[in-house]
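# Working through the structure, step by step
Spelled out from the first residue to the last, the chains are:
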Amino acid sequence: MPFPPTILIIHPKEKRAKCSLEPLRGRADLRFVPYAAKQPLELPGYIRLSVDGAPLTVADAGHGVLLIDGSWRHAGRMHAHFAGVPPRSLAGFSTAYPRVSKTFADPAGGLASLEALYIAYRILGRPTAGLLDAYRWRDEFLRRNGWELTSSAPRG
């Protein structure tokens, strides 16, 4: 691989059946890591996808990507745990994921984890083939962001 693997930190309460990243297990460019607040994880050379921070640009292409996956309820604590990893934002993109939380407001510009991964890979010039193949809202997500379909595989 010409770039470091993407680290996906998954909250233990994230339901695997509902996780948009779950169909990607087994990809060589991704490392699924369960979140453990008491286990430090050193990530030199990585940037963290976040709703805050400088925009992600092609200048970040040589860095590894850290993506935190959990409900918005847990995301704040998880991001605080990785505060030493420089944050990068993905402003200006639209989610297609239907939001249903009745207790926590989603941040403006919030994306499904898979959507954030796909956008980051596009910006960084990494291969996106297969990322959205099992994503139920793939067509709508691509349409909302002005992109063509990347695969003819059936949606999950």
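This section reports on the structure supplied with the text. Just so we're clear, the structure is a prediction, and the values are computed from it rather than from any experiment.

Another aspect to go through is the environment of R31. One can find R31 in strand β2 (residues 30-34). In this structure the side chain of R31 is engaged in a polar contact, spanning 2.8 Å, whose partner is the backbone oxygen of A28.

On to the environment of P86, then. Along the chain, the position of P86 falls in the loop between α1 (72-81) and β5 (87-89). Through-space distance from the C-alpha of P86 to that of P44 is 9.8 Å; in sequence the pair is 42 residues apart. Excluding residues that lie within four positions of it along the chain, P86 makes contacts with Y46, I47 and R48.

On the basis of which strands lie adjacent, the open sheet formed by five strands has the order β2-β1-β4-β3-β5 and parallel pairing. Bordering the open sheet on either side are β2 and β5, each of which pairs with just one other strand. Along the sheet, successive strands turn relative to each other by an average axial angle of 40°, direction set aside. On the sheet, helix α2 (residues 113-124) packs against β1 (6-10), β2, β3 (46-55) and β4 (64-69) and is oriented at approximately 165° with respect to β4.

Bridge analysis of β3 against β4 gives three bridges, and the strand direction is parallel. Looking across to β4, one finds that R48 is bridged to L66. One ladder, built from four bridges, connects β3 with β5; its direction is parallel. Bridge pairing links P55 to S89 in β5.

Reading the values: the criteria
Residues numbered from 1 in each chain as written. Predicted model: local features only at pLDDT ≥ 70, side-chain atom pairs only at ≥ 80, totals over all residues. Heavy atoms only, no water. Helix = DSSP H or I, 4+ residues; strand = E, 2+ residues; numbered from the N terminus. Polar contact = N/O pair within 3.5 Å; in protein donor to acceptor, adjacent residues only side chain to side chain. Contact = heavy atoms within 4.5 Å. Pairing = 2+ DSSP bridges. Axes fitted to C-alpha atoms, helices over the stretch in contact; angles between N-to-C directions.

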